[in-house]
Amino acid sequence: MIYSRVKRKQKLVSSSIQRRIDKLRKIIPGCEEVDIDTLFLRTVEEILELEMQVDILRTLLDQSSSH
């Protein structure tokens, strides 16, 4: 009985993780068909790129407001 509960819990956790991975595949460009390692690497790259864009936009905003 305990074994079946543990197995059911593992299945729920596994499907929850898979749903999150599927969502990540949809929002990271070009990652619909890549393996999990590539997905995570590209996710990190995408985050770094977005952070850089935010920094650039903040710099531009600061420069325009100081004039």
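Preceding this section is the structure that the text describes.
Just so it is clear, the model here is predicted, and its values are computed rather than measured.

Enquirer: Looking at this model, I keep getting lost on the packing of helix α1 (residues 2–27) against helix α2 (residues 36–65). Mind explaining?
Expert: Between two packed helices, both the angle of their axes relative to each other and the distance between the axes serve to describe the pair. At a closest axis distance of 11 Å, the pairing of α1 and α2 adopts a crossing angle of 55°. As the angle between them shows, α1 and α2 are arranged oblique. Along this stretch, α1 crosses α2, giving a crossing that reads as left-handed. Contacts between α1 and α2 involve Ile21, Leu24 and Arg25 from the former and Ile36, Leu39, Phe40 and Thr43 from the latter.

Enquirer: Teacher, can you tell me more about α1 here?
Expert: Taking 1.5 Å of rise per residue, 26 residues should cover 38 Å, and α1 covers 38 Å from first to last C-alpha, within 8% of that figure. Summarising the contacts, the buried residues of α1 are in contact with α2.

Enquirer: Would you mind going over the nonpolar core with me for this structure?
Expert: Generally speaking, soluble globular proteins have nonpolar side chains that are buried together. Core analysis: the largest hydrophobic core is formed by 6 residues, namely Ile21, Leu24, Ile28, Cys31, Val34 and Leu39. With residues up to four places along the chain from it excluded, the contact list for Leu24 reads Leu39, Phe40 and Thr43.

Conventions we followed
- Residues numbered from 1 in each chain as written.
- Predicted model: local features only at pLDDT ≥ 70, side-chain atom pairs only at ≥ 80, totals over all residues.
- Heavy atoms only, no water.
- Axes fitted to C-alpha atoms, helices over the stretch in contact; angles between N-to-C directions.
- Helix = DSSP H or I, 4+ residues; strand = E, 2+ residues; numbered from the N terminus.
- Parallel < 35°, antiparallel > 145°, perpendicular 65-115°, else oblique.
- Left-handed = near helix turned anticlockwise from the far one by under 90°.
- Contact = heavy atoms within 4.5 Å.
- Expected span 1.5 Å × (residues − 1).
- Core = buried A, V, L, I, M, F, W, Y, C linked by side-chain atoms within 4.5 Å.
- Buried < 20%, exposed > 50% of the residue type's maximum accessible area, 1.4 Å probe, protein only.

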